[in-house]
Amino acid sequence: MLLNFWSRIVVLSFQRRGIFQFLMFLNSNLLKTLSCFGLILFSLNVAAQQTDSLKTHTLTLTQVSGRVVDALTGKPLPYISVTFSGSSYGTYTDKLGKFTLKAPGLFSQITFSYVGYQSITKTIKSGEINELEIRLRSSQTQLKEVSVTTGKKQRYRNKGNPAVSLIQQIINHKDENRMESSDYLQYDQYERIGLSFFHLSQKFINGRFFSKYKFLLDTTQKINGQTQTALPVYFSEKLSQNYFRKNPEKSIQVLNAQKQINIIKFVDTVGLDIYLNRLYGNNLDLYSNNIFIITNQFLSPIANHAPDFYKFFITDTIKTAKGKLVEVSFTPRNKGDLLFEGKLLVTLDGHYAVAGCELNVNKQININFMRSLKIRLDFVQDPGGRYYLSKSDVTADFGISRTKGLGVIGERTVVYTNYKLNAPQPEAFYNGKALQIAENVNRADTSYWTTHRTDTLSGQQAQIYGKISKLEKMPSFKRTMWIASTLTGGFADFGAVQIGPINSFFAFSSQEGLRFQGGGRTTPKFNKSIYLEGYGGIGTKDKQLKYDLITYLSLNKTAPYRFPNDYFKVSYLYDVDVPGHSFSINNRQAALSSFQTGATNYWLYSTIFRLDYVKDFENHFSYDVIFKNWNQQPAAKLVYELNNADNTIIHNLTTSELGVHLRYAPHEQILQGTQDRHTIYSKYPIMELMVNHGFKGFMNGSYAYTNFGVNIFKRFYFSQLGYSDVTLMGGYLTGKVPFPLLNISSANQSLAYDLNAYNRMTYLEFVSDHYVGLNFTQSFNGFFLNKIPLIEHLKWREYLTFKILYGGLRNENNPLYSNDLYKFPTGTKGSNGTYALGNVPYTEAGAGVGNIFKILRIDVIKRFSYLDHPGIAPYAVKFSFNPDF
C-alpha cells in the first residue's frame, strides 16, 4: 500500500523529467532493491506533530490481561468482546485469543461475549492488575441444512436456494436496519490507524546503518497468524462526535482530539491521513450497495444485485439469549472481480439485520501488491432491538511480491459508542460545516488519552509516541530524512533556502537541444510572509538564457505551495514553449514527452510579466485575479505574417489582459506536495470558470478581446464495471484577434498518453473562437479480461476513451475572409498546418490495456476526422506508467 503511495509521490515529483520512468527500464532485481530502499527511506523519516506530555498525573487504573479459549477444543478465540461491565471501555481479543484492557477507574467486573458463545462476567480486583484465563462455551447450535450429494459436483443455482432467499430478505429490510434510518442519529467515535513495515531482512536489521534505530522495532506484532518483527512508521488516534439528520440530509463530524506520529515526514501528514483512511475504508457501511476500500468500489454482499455476483450458502444456525441467528457464507462467482468472501450472522426476528460480519478477499482478486485484506464488523443490539455497528477492524498488508519480501501492513480500528436516536440538536447546529475541529484538537497529553480512549492499546502501541520523540533528536536520522526529502520532494532543504526542483536540472527539446537549469526558493524560515522563487536555464542549441523570477506576499503566513492560499504574486518570465501548451514542455515535461511522434516545428519565446491575487476558502472554492502582459516571439518554422499586400512579418506580439479564474471542488481532499497539490478523486465534481479581457493600447497591448472558458470534471463509479471520468469544456472569444490569441486546441505528439489532450492532433493544428468538447474515459478494472481463459491470471485492465471537439471560427477571425490578421501556418511535408475547426467535429477514440507488469498501460488511438491534413496518420500507440492498486 505504501509502495503505491510512495510511487504516487515520486511519480508526481519526478514525472516531469522522467526519473521514475527510467527506473522502470532497470532489471527486475535492481528495481525491487530500489523499491524496497524507497520504502525503508520512508521508515526512517518522521513527523512527530504531537509528542507525549512530560507531565505526570495520578490516576487509578484497573488492568486485566489474559487469554480466551474455546471450552471444548481449547483453541484460542479471536475477536471476543471484552468490556468493563457498565462502562464504555472495552477491547477485543487478538488472533491468539490474548487481550489487555486497562482504563481509569475502579471496575470490579469484566464481561466476555461473542455471538455463538455464552457470555461470562468475572469479578476482578479494582484498581489492580489482573490476569485471567477464560474458557467460553458454545451456545446451543443446530445445523440448518443437511445435504446429500452424489459423486458429481452439483451446479450452483440461485433458484430454490434458501440462502439466496434469506439474502433477499436482508436486502428488502436494509432501509429499516441502517443507522441512518432514524430521523436523527448521534454517536461517539474513536479511530486508530497504524502503518508498519515487516519482513525486514536480518541483514538490514543487524546492519551498521539500522543498528542505532533498533529500539523502534516491534517484535510482538501478529501478522497473518505469525509473530513478525515490524517497524512502525505511522500511528494516529482521533476522537470525534458524529451527528446525522435525515431530512434534509446533513452529516456533521466534530473532531475533538487527535494525536499522530509520522516517520515519513516529507510526505504531507494530513494528506497521508486522508489517503490511509480512504485506503482502509473511511466509511464501512455494509448496507450500501458498494463499499469503497483499497481505492476501489467493492460490491457489498447484501447489495441489491448481490445474488448475481456472489454464491451464498447457509452454513449454521446459532441460538442465543436474544434469539436465533443464521450464519450465511458467501464467495465470488468470479474470483478476479472486486468482491468479498466471508460470512454474515443474520437475525431471524423479522428484521433480518446483520449481527456480525467477516469480509476477506481471495488471492486471485485483481488488486495489485495486496497480500491479504481482512475486515470484521461487530454490531450491538440497542434496547429497541436494532443492531448498530459497534466496532470495525480492517487489516491489509501489501508487498512488491505477494508471498515474500518486504511488506507493509496497515490496521484501522474504529469504535462506536453512546448511540442516541432521535435526539435532535438545535436547528442552527445543522447549518454548520460538515467537519468542525475543536480549538485544542492536538492532544499530546498521555493522561487525556488514557481517560478518553474507548479501546485499549497494545504495549508496543503505547510506547510508540515516546520512541518517535527519541528518534527525532538523533542527528543521523535527521540526515537520512534530508536525503529522502530531497529525492522525493525535488528540493534540497538548506533551512531558509531550498534548491530545486532537481527534476528540472536537465531536459531536451528540438528547439533548445540539451537544456541545463537550476533554481530555488525560500521557506518560512526565511520569512513567513515573503517568499522568493526562481530558476535560470540555457539550451545547448539556441544558447539563450531563460529565467523566471517570482515574489509572493502571503497574507495568512502560509507558503504558496500549501493549502489554503491567500497571497499576492509578482513574476517575470522569459522562456520557450510550444503554442498552446502554457510552458508545459520545458518546465513540466515527462520523460516520454521528450520523444515526439512527428515534427515539432512551432515554438514561442515569451516574456511575461504577471501579477496575481490567489484566495482559497475552506470549502475549496477559490479565485485567482490575474493581470498578464505577454510578449510573444515566434521561432523555428512559426512565422507571424500579416495577410496584407506587403505580407508584413511580425516579430513581436504583445497583449495585456486582466482575468478571473474561479474554481469550486466540493468535498475535495488533497495531497500537498512540495510543488503542487493533487486531488484525490472522488464522486464530487470539479468546476472551473475563466474570464480574460485584453486591453488594446495598455502596456503595448495590441488587441482588445474577451475570452470565456468553462471546464467541469466528474468521476462516476459503476461498482463492478469500474468508473468513468467525464470532462465537459467550452469556450467563447469576442473581438477580432490573430490566430496566436485564439483558443488553440491542446495537442499531444509525445509517446506518452495525455488524459487531457488530443493524442492524434498535432501542435497548433486547430484554432477556434468558440468550441465545446467532451473527454470520456471508461476504466473497467479488468471486469471482462478477468473472465477470459489463459489471460485472466495476468490481471490486465481495460480502458476505452473517446474525445470530441466541436467548434468554429467566425469570419472576422479567419484570415481567409478578414484583413489584418496573421496567415495560418501552411501544412507541407516538412511541417504541420494550422486550420479552423469546421462543421465536422474533431473526434478520436482509443482502447487500452493497463496493469501490464502492474505499471504499464498501452493505448491504441484512432483519429476519425480531418485525415486529409498533411502528415496525419489515423493510428498511434501511446504509453503511460501508472503504478496503482
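Everything below is about the structure shown above.
Overview of the structure. Given the structure is predicted, the values throughout are model-derived calculations rather than measurements.

### Describing the pattern of salt bridges
For the coordinates displayed, the defined rule picks out 27 salt bridges. A salt bridge links D455 to K391, with the nearest nitrogen and oxygen atoms 3.6 Å apart. Of this pair, D455 sits in the loop between α8 (446-452) and α9 (459-472) while K391 sits in strand β20 (residues 387-399), placing them 64 residues apart in sequence. A residue is classified by how much of its surface remains accessible, and K391, at 4% relative accessible area, is buried. One salt bridge connects E812 with R810, and the closest N-O pair in it is separated by 2.9 Å. Counted as one network, the salt bridges with shared partners bring together E512, R515, D542, K546 and D575.

### Remarks on the nonpolar core
I294, F312, F340 and L373 are the most contacted members of the largest nonpolar core, which totals 99 residues. Membership of the second largest hydrophobic core comes to 24 residues, among which are Y703, L742, L764 and L809.

### Focus on α9
The sharpest bend along α9 reaches about 35° and sits at Y465. The complete set of buried residues in α9 reads Q460, I464, Y465, K467, I468 and L471. In this fold, the buried residues of α9 make contact with β10 (218-223), β11 (226-245), β12 (250-262) and α10 (475-489).

### Some points on unusual backbone geometry
That bond from N247 to P248 is cis: its omega, -10°, falls within 30 degrees of zero. Locating P248 in the fold gives a position in the loop between β11 and β12. Here the residue pair F563 and P564 is connected by a cis peptide bond, since its omega of 0° sits within 30 degrees of zero. Positionally, P564 belongs in the loop between β28 (545-554) and β29 (566-577). For H199, which is not a glycine, the phi torsion comes out positive at approximately 60°. Within the secondary structure, H199 sits in the loop between β9 (184-198) and α6 (202-205). With relative accessibility at 33%, the residue H199 sits in the partly exposed group. Even without being a glycine, K557 presents a positive backbone phi close to 55°. Mapped onto the elements of the fold, K557 is located in the loop between β28 and β29. By relative accessible area, K557 is classed as exposed at 54%.

### What about the sheet that holds strand β40 (residues 743-744)?
On the basis of which strands lie adjacent, the open sheet formed by three strands has the order β40-β41-β44 and mixed pairing. Where the open sheet ends on each side, the last strands, each with one partner, are β40 and β44 (835-836). In this sheet, β44 lies alongside strand β41 (residues 766-768) in parallel orientation, the contact comprising two bridges. Each residue of the ladder has a partner; that of V767, found in β44, is A836.

### Let's talk about the sheet that holds strand β1 (residues 61-70)
On the basis of which strands lie adjacent, the open sheet formed by three strands has the order β4-β1-β7 and mixed pairing. The outermost strands of the open sheet, each flanked by one partner alone, are β4 (98-104) and β7 (129-136). Neighbour-to-neighbour, the strand axes of this sheet turn through a mean angle of 20°, independent of strand direction. With eight bridges joining them, β1 and β7 adopt parallel strand pairing. In the strand pairing of β7, V69 is matched with R135.

### As for helix α7 (residues 269-279)
Burial analysis of α7 places 10 of its 11 residues in the buried class, which makes it a mostly covered element. Regarding α7, the residues found buried are T269, G271, L272, D273, I274, Y275, L276, N277, R278 and L279. Of the residues one or two after α7, G281 is the one with positive phi, at around 85°.

### Points about the packing of aromatic side chains
In this structure the tally under the stated criterion is 42 aromatic pairs. Both rings, one in F312 and one in F330, keep their centres 6.3 Å apart while their planes meet at 50°; by these two values the pair is tilted. Placement of F312 in strand β15 (residues 310-320) and of F330 in strand β16 (residues 323-332) is noted, with a sequence separation of 18 residues between them. Each of the two residues, F312 as well as F330, counts as buried. Relative to Y430, the ring of F429 lies with its centre 5.4 Å away and its plane at 85°, an arrangement referred to as edge-to-face. Given a relative accessible area of 21%, F429 falls into the partly exposed group.

### Comments concerning the pairing of strand β43 (residues 797-808)
Relative to β43, strand β42 (residues 770-779) runs antiparallel, the two being bridged by 10 bridges. Considered in β43, the bridge of S779 is made with Y799. As defined by bridge partners, β43 adjoins strand β45 (residues 842-852) across nine bridges and the pair is classed as antiparallel. Paired with L805 across the bridge in β45 is Y842.

### What about the environment of N362?
Looking at where N362 falls in the secondary structure, it is placed in the loop between β18 (354-360) and β19 (370-381). Separated by 11 residues in the primary sequence, N362 and L373 have C-alpha atoms spaced 8.8 Å apart. With sequence-adjacent residues up to four places away left out, N362 is seen in contact with P332, K335 and E341. From its side chain, N362 meets the backbone nitrogen of Q364 in a polar contact 2.8 Å long.

### Brief notes about the environment of V380
Assignment of secondary structure puts V380 in strand β19. Taking the C-alpha atoms as reference points, V380 and G356, separated by 24 residues in sequence, lie 8.8 Å from one another. Not counting residues within four places of it along the chain, the set of residues in contact with V380 comprises R386, Y387, Y388 and S390.

Rules used throughout
- Residues numbered from 1 in each chain as written.
- Predicted model: local features only at pLDDT ≥ 70, side-chain atom pairs only at ≥ 80, totals over all residues.
- Heavy atoms only, no water.
- Salt bridge = Lys/Arg side-chain N within 4 Å of Asp/Glu carboxyl O.
- Helix = DSSP H or I, 4+ residues; strand = E, 2+ residues; numbered from the N terminus.
- Buried < 20%, exposed > 50% of the residue type's maximum accessible area, 1.4 Å probe, protein only.
- Core = buried A, V, L, I, M, F, W, Y, C linked by side-chain atoms within 4.5 Å.
- Bend = angle between axes of the 7 residues up to and from the residue.
- Contact = heavy atoms within 4.5 Å.
- Pairing = 2+ DSSP bridges.
- Axes fitted to C-alpha atoms, helices over the stretch in contact; angles between N-to-C directions.
- Phe/Tyr/Trp six-rings, centres within 6.5 Å; stacked < 30°, edge-to-face > 60°.
- Polar contact = N/O pair within 3.5 Å; in protein donor to acceptor, adjacent residues only side chain to side chain.

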